[in-house]
Amino acid sequence: MSELLEYIEKKQHDETRQGEALSVVATENEFKNNKHFYIESYGCAMNFSDSEIVASILSKQGYSVTTDVLQADLILINTCSIREKAEQTVRTRLHSFNQIKKKRKGMLIGVLGCMAERLKSKFLEEEKIVDLVVGPDAYRSLPDLIADAEGGQKGVNVLLSREETYADISPVRLDKNGVTAFVSIMRGCDNMCSFCVVPFTRGRERSRNPDSIIAEAQDLFDKGYREITLLGQNVDSYKWKGSESDSENENETIQVNFPQLLEKVALVNPLLRVRFSTSHPKDICDDVLHTIVKYENICNYIHLPVQSGNTACLERMNRTYTREWYLNRIDAIKKIIPDCGISSDMIAGFCGETEEEHQDTLSMMEYVRYDLCYMYYYSERPGTLAARKFKDDVPLETKKRRLAEIVELQNRHSKENNLAEIGKTFKVLIEKTSKKSDDELCGRSSNNRFIIFPKGNHKIGEYVNVLVESGNKAMLKGRVV
Ligand code: SAM
Ligand code: SF4
Ligand code: F3S
């Protein structure tokens, strides 16, 4: 149990879904101004994707990206507010950046993303080391705000927009593997789950023009990428209403929903794999499932966060579905896509959660047998519906104990599901060299199994068939056949 508690502490402290801050080198500068920026990203994939938009905006101003914070003229931290620990991590980082700033005259420090949006100008008052505070919909104003800050004024823009999708901005890819990329298809969220700060930090939901999504997917494919992940807080509610540039009648209004968008992206090239995240249980429809089955290059993997297995708790969470509804969606997935990988997010110890409600979460997990789960204990966020309406009344020790039980069960399921794949052959897209050995490569199967195998003559970006021979809860090992 103590190992589990350590895991939980680390997980709650870490708060980056990818698990690490990203700092990278850009290649697409239009001109150089001899200035460098360093960027660190925290939180969900949307934030990592946004950092690529920021990199694009700054490289048009002549900035180069540096991975060496000591060389930076501008340090940016793209922040997350989802749990309290996420914000603490940012404050700690800001204080260490401040030490660097003391030694580098003229250097600027900027806070981007959800924490900038949540705290607004309070940041400038509380954290005197910050020169720029820029919310997720205001990145186009970064060049002006930097100019203000260079002139000695503080630069703040936290205006949320109902239209901004950065559709015309071609992101500078910061992840260097050159094989997988995120493509943002929408922004914001209209769902108002009672525990969640995202609707406040990211604003109203809006969908991006499908033409620009397809163009970005095509461009990525042409540059050698072989997998894209379509991103949104609730991809199933993607909806585009507008006129398509190639429409015969310019005034004709076309509508594109998520299954239609998925199909359009799948048709870009059969060698381009398509994933998507996140699906909302209330909105995921059979049309999406049938579209996944219809195209071999749409991956058989669905991230369908349940949060709790108990209907009363789901109601307090304002998730707008019941346990039965969720189970019906799981049954539909298992029936229509029999080998589909399924993952979830769980919150332990939400306001008023009883022991029986917690047991319902465990029994839900037993029913679904998720391949992967992101698991947290509840962290109250100021201003949310839950903070206003309910008491955060589950003691911390109980939250941690329940979370430990969830983690323990999930570890068992992850291991058992992985071991059940031994003896099967999977088509794997090679993503990178294995961390443990230069003689091994690794990648994922369509259903999101992480598979390691001897390198041979194979190269990153290729597809290979791998026969699985062994495994544990986190990965499978095999050989190319
Ligand atoms: N839009 C997605 C959804 O509806 O599942 C993801 C939302 S959020 C970025 C990622 C996860 O963080 C949530 O699914 C939830 O499990 C967790 N989360 C959100 N607010 C939280 C809070 N106040 N305390 C603990 N976990 C939280
Ligand atoms: Fe937050 Fe709910 Fe929106 Fe997900 S769907 S971002 S949990 S409000
Ligand atoms: Fe965090 Fe904002 Fe994403 S709060 S999880 S970075 S949308």
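Above this text sits the structure in question.
Residues numbered from 1 in each chain as written. Chains lettered and ligands numbered in written order. Predicted model: local features only at pLDDT ≥ 70, side-chain atom pairs only at ≥ 80, totals over all residues. Heavy atoms only, no water.

A.B. asks: I tried to follow helix H8 (residues 210-222) on my own but got confused; where do I start?
C.D. replies: Given 3.6 residues per turn, any residue in an α-helix points the same way as the ones three and four places further on. For H8, spanning 13 residues, the distance from its first C-alpha to its last is 18 Å, which sits close to the expected 18 Å at 1.5 Å a residue. Each element contacted by the buried residues of H8 is listed here: strand S7 (180-184), strand S10 (227-231), strand S11 (239-242), strand S12 (254-257) and helix H9 (258-266). Capping the start of H8 is the job of one residue whose side-chain oxygen sits 2.8 Å from the backbone nitrogen of Asp 211: Asn 209. Downstream of H8 by one or two residues, Gly 224 has phi in the positive range, about 105 degrees. (Helix = DSSP H or I, 4+ residues; strand = E, 2+ residues; numbered from the N terminus. Expected span 1.5 Å × (residues − 1). Contact = heavy atoms within 4.5 Å. Polar contact = N/O pair within 3.5 Å; in protein donor to acceptor, adjacent residues only side chain to side chain.)

A.B. asks: Please explain the site of ligand 2 as it appears in this structure.
C.D. replies: Taken together, Cys 189, Asn 191, Met 192, Cys 193, Phe 195, Cys 196, Val 198, Pro 199, Gln 233, His 280 and Arg 319 form the complete shell of residues around ligand 2. Of the residues belonging to the shell around ligand 2, the class tally is seven nonpolar, three polar and one charged. (Near = heavy atom within 4 Å. Nonpolar A, V, L, I, M, F, W, Y, C, P; charged D, E, K, R; others polar.)

A.B. asks: Would you mind going over the site of ligand 1 with me for this structure?
C.D. replies: Around ligand 1, a shell composed of 16 residues is seen, among which Phe 195, Gln 233, Gln 307, Asp 345 and Ser 379 lie nearest. In the environment of ligand 1, an oxygen atom lies 2.7 Å from a nitrogen or oxygen atom belonging to the side chain of Gln 307. Contact distances for ligand 1 include 2.7 Å between a nitrogen atom and a backbone N or O atom of Ser 379. Secondary-structure elements contributing two or more residues to the shell around ligand 1 are strand S15 (341-348) and strand S16 (372-377). For the shell around ligand 1, the two domains that each supply at least three residues are domain 1 (2-157) and domain 2 (177-299). (Domains from an automatic or database assignment.)

A.B. asks: I tried to follow the pattern of salt bridges on my own but got confused; where do I start?
C.D. replies: Side-chain pairs of opposite charge can arise whenever the charged atoms involved come near each other. The tally for this structure, following the rule as stated, stands at 40 salt bridges. With a shortest N-O distance of 2.8 Å, Lys 424 and Glu 421 are connected by a salt bridge. The partly exposed category is assigned to Lys 424, whose relative accessible area is 41%. Put simply, Asp 50, Asp 137, Arg 187, Arg 202 and Arg 206 are held in one network by salt bridges that share partners. (Salt bridge = Lys/Arg side-chain N within 4 Å of Asp/Glu carboxyl O. Buried < 20%, exposed > 50% of the residue type's maximum accessible area, 1.4 Å probe, protein only.)

A.B. asks: Sorry if this is basic, but what is going on with unusual backbone geometry here?
C.D. replies: Among all residues save glycine, negative phi is the norm, and among peptide bonds the norm is trans. The peptide bond linking Ser 277 to Thr 278 adopts the cis configuration, its omega dihedral lying at 10 degrees. The topology assignment puts Thr 278 in the loop between strand S13 (273-277) and helix H10 (286-294). Even without a glycine there, the phi angle at Asn 318 is positive, about 60 degrees. Secondary-structure assignment places Asn 318 in the loop between helix H11 (311-316) and helix H12 (323-336). Judged by its relative accessible area of 29%, Asn 318 is partly exposed. Phi is positive for Thr 320, which is not a glycine, with a value near 65 degrees. Within the secondary structure, Thr 320 sits in the loop between H11 and H12.

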